[in-house]
Amino acid sequence: MKTLLLFCFSILLFSSQSQTILRGPYLQSVNHESIVVKWRTASLTNSRVWYGADSTNLVAFAEELPLTTEHEVKISGLLPSTKYYYKIGNTNVIYPSLAATHNFTTHPIPGTSVPTRVWAIGDFGRGNQGQIDCRTSFENYSGPRGTDVWLWLGDNAYDSGTDEQYQSKVFGHAGFKELFSYMPFYPSPGNHDYNSVWSESTLLGIPYQNIDLEDHEGPYFDIVTVPEQGECGGVASNLEVFYSFDYGDVHFLSLNSEVFDFTFSYDGINQMKDWITQDLQQNTRKFTIAYFHQPPYTKGSHDSDDGYELAMDAMREKVVPLLEQFDMDLVVCGHSHVFERSYLIKGHYGSSSDFNPATMILNGTNGNFAQGNAYIKDSTYTTPEGTVYVVCGNSGSSESSPSLDHPVMSFGAGGMGSFVIDIEKNRLDGKYLTSEGLIADEFTILKKDMVLLPLPNLNICIGSSITVDGQNYVTGGSTNLQYEWVGTGQFGPTASFSPTNTTTYTLKVTDVMTGQIETIQFTISIYGTEYPAIVELIDGIIGVTEAGLEYQWLVDGQIIPFANDQYYSPTTSGVYTCQVTYPNGCSYSSNEYNLLNAGLNDLHPDQVMVYPNPAENVINIIATKGLKLDHFSLIDFNGKLVVQSSLNANGQIDISSLASGLYFINVSTAKGIIRVKFVKN
């Protein structure tokens, strides 16, 4: 027993110090917060991945402790849209690697509208120069931009998808293997991959037995780790056979054309359709792309009209109607070793002879944006508006003399190449990139998705202006929007307004790319239709015409302390103004009111007698020089009018309700006004 333990310990120690990496590392199931790193070693060991945003400081790690040669480590708790570097090893050692080429970038938060590049390759796993040329062509085209999503369209390893063929023609193929340490891939299987999945139950690559989807096993399923639990977006399929995921505002469905069987039970097809329905019912992304291996339409190395192409028939007759029901934007396939691209079509589920261009082509142009022929759809999936179908089964395979004459197709080509998709905002561009680096075909799908948000009514002060930024009230739309502020002569995202009265304006926004036009109205109201005016009341009291506001009186430009009422009784001659503030903060200065030589001192105060002074409840007013007293105004220390009335016969005034303090009495006579102070105890 001791000898056996010593032997096992020696094997583990040796493997941890001098481990041979047979495959990888390669990256799977990346989303906005996690990723799976996989690799294969020559001998048993545990698994650890060191990672960090700084390639020189990889201190965080994730690990799996069971001994294995097939290593799979999930890293969680990552930040979205962040580049990370990593190295692999075990709990005892980090394997030698170049950290600069061992990196990945997490996805953006699902639903975020970000520029997105997709690279799709089909039937590539030949281990030949064409496979390398397609990779080189894409890298030269994309440069440092690279790709955000890498799609495999099936027949990933020829001829039978064995583990050895995946190793020699894909993961170990010089000139191609270098991609895997930094480029995650989202695969779909093809019939050649399924040769090893059902090696004893296939005919011409198509299974003739009805095998449960849960029992699909083989090298392809051993190699890949796909998001079957919906961890990358979409609805969980609970299967590796088909799945979905999101990148930003794009939703992808990886379907499986190989679930058809010769018993014509359609059990697998129907199970996949049930899941597709659930998945697309919850889908709210701007664009939706489905990809699988065997195309519904082709005239390349395969002919979708041939009677033995039963899997293609099943996808066209059973699955395509469902995809179109949910207004699928783009379907990308492989299998036929050519490149073909359709018009914007809908409703063709039979052979090519059944195709009716008059009813099934929704846009019969070449879809080229630069030539003014983009395919335009609305922003919802409620009304089917057509789908573009692409065949790209020539990323390592080719057909020498394809007919390329299927009537749904706008373009077809032989040779080798790959398919590039760029999405930004409401625009999807598809481009066929040849292995020589040429763009041989391109098309654009645009969505009329611009929405103008309610622009709130605004309030400004008299004589003021306000600037409105229309961009704050637009969602969706392309990168080329035109703004017009109707009737004002102003164009561009922002406009300035200086109305003299309440005015309603219209903002008109045009999406130049789609031709969509939206308008919205808003009103600018003026607080106070005219400036406040000072009027003189009796006995020298002045006041502002508008009530219920905030006031500040000034004399000769200087603030009068505590003079904050609508009325004021000047105590000195001067030029009076009142600063009036409205509830919205608008503040206006009134007209000037000149009380110079206004007669406040025409009569001397000793011409009347006020007693008692101080007083408690009553004061008496008596003229001392035979003047006839008319009426009086009682004003507090802050200039506020308290009482205004005629004098009674005995000259008494009741002050019992007044608060204690200093007051002024303005007494009117036929010869002028006499002002006297008194104190209320």
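Above this note sits the structure.
Criteria and thresholds
- Residues numbered from 1 in each chain as written.
- Predicted model: local features only at pLDDT ≥ 70, side-chain atom pairs only at ≥ 80, totals over all residues.
- Heavy atoms only, no water.
- Disulfide = S-S within 2.5 Å.
- Helix = DSSP H or I, 4+ residues; strand = E, 2+ residues; numbered from the N terminus.
- Buried < 20%, exposed > 50% of the residue type's maximum accessible area, 1.4 Å probe, protein only.
- Polar contact = N/O pair within 3.5 Å; in protein donor to acceptor, adjacent residues only side chain to side chain.
- Contact = heavy atoms within 4.5 Å.
- Expected span 1.5 Å × (residues − 1).
- Arc of directions from axis to C-beta.
- Phe/Tyr/Trp six-rings, centres within 6.5 Å; stacked < 30°, edge-to-face > 60°.
- Lys NZ or Arg CZ within 6 Å of the ring centre and 35° of its normal.
- Pairing = 2+ DSSP bridges.

1. A look at the state of the cysteines
- Within this structure, the stated rule accounts for 1 disulfide.
- Shown here is the disulfide that connects Cys461 with Cys586, its sulfur atoms set 1.9 Å apart. One disulfide, between Cys461 and Cys586, carries an S-S torsion of -90° and so falls in the left-handed class. Taken together, the residues Cys461 in strand S24 (residues 458-461) and Cys586 in the loop between strand S37 (575-581) and strand S38 (587-589) connect sequence positions 125 residues apart.
- Exposure remark for Cys461: the relative accessible area of 19% places this residue in the buried category.
- According to the relative accessible area criterion, Cys586 is buried, its value standing at 1%.
- Not engaged in a disulfide, the cysteine Cys134 finds its nearest cysteine sulfur in Cys392; these two sulfurs lie 7.6 Å apart.

2. Considering the side chain of Asn426
- Among the secondary structure elements, Asn426 is positioned in the loop between strand S20 (417-424) and strand S21 (427-434).
- Looking at Asn426, its side chain comes within polar contact range of the main-chain oxygen of Lys447, at 2.8 Å.
- Aside from chain neighbours lying at most four places away, what touches Asn426 is Phe287, Ile445, Leu446, Lys447, Asp449, Gly477, Ser478, Asp511 and Thr514.

3. Here we look at helix H6 (residues 267-281)
- Its 15 residues give H6 an end-to-end C-alpha distance of 21 Å, which sits within 8% of 21 Å, the value for a rise of 1.5 Å per residue.
- Every buried residue of H6 is listed here: Gly268, Ile269, Met272, Trp275, Ile276, Asp279 and Leu280. Here the buried residues of H6 occupy an arc of 130° about the axis, which is enough to place them on one side.
- Next to the buried residues of H6 lie strand S10 (243-247), strand S11 (250-254), strand S12 (287-292) and helix H7 (310-325).

4. Things to note about the packing of aromatic side chains
- On inspection of all chains with the given rule, the structure shows 43 aromatic pairs.
- With centroids separated by 6.0 Å and ring planes inclined at 70°, the aromatic side chains of Phe176 and Phe180 adopt a geometry described as edge-to-face.
- For Phe176, a relative accessible area of 1% translates into the label buried.
- Given the relative accessible area of 2%, Phe180 is considered buried.
- On the numbers, 5.8 Å between centres and 80° between planes, the contact of Phe497 with Phe522 is edge-to-face. Residue Phe497 is found in strand S29 (residues 494-497), and its partner Phe522 is found in strand S31 (residues 517-527); the two are separated by 25 residues along the sequence. Taken individually, Phe497 and Phe522 each receive the classification buried, so the pair is uniform in this respect.
- Through a chain of ring-to-ring contacts, three or more aromatic side chains come together here, namely Tyr26, Trp119, Phe124, Phe138, Trp150, Trp152, Phe171, Phe176, Phe180 and Phe185.
- For the cation-ring pair, Lys318 lies above Tyr266, with the distance from its terminal atom to the ring centre recorded as 4.6 Å.
- A cation sits over an aromatic face here: Lys447 above Phe287, 4.6 Å from the ring centre.

5. Description of the side chain of His348
- If you trace the backbone, His348 turns up in the loop between strand S15 (344-345) and helix H8 (357-360).
- Residue classification places His348 among the buried residues on the basis of a relative accessible area of 1%.

6. Regarding the sheet that holds strand S27 (residues 481-486)
- Spatial ordering of the open sheet is given by S24-S31-S30-S27-S28, a layout of 5 strands whose pairing is mixed. Where the open sheet ends on each side, the last strands, each with one partner, are S24 and strand S28 (490-491).
- Relative to S31, strand S30 (residues 503-511) runs antiparallel, the two being bridged by 8 bridges. Residue pairing in the sheet places Lys508 in a bridge with Thr519 of S31.

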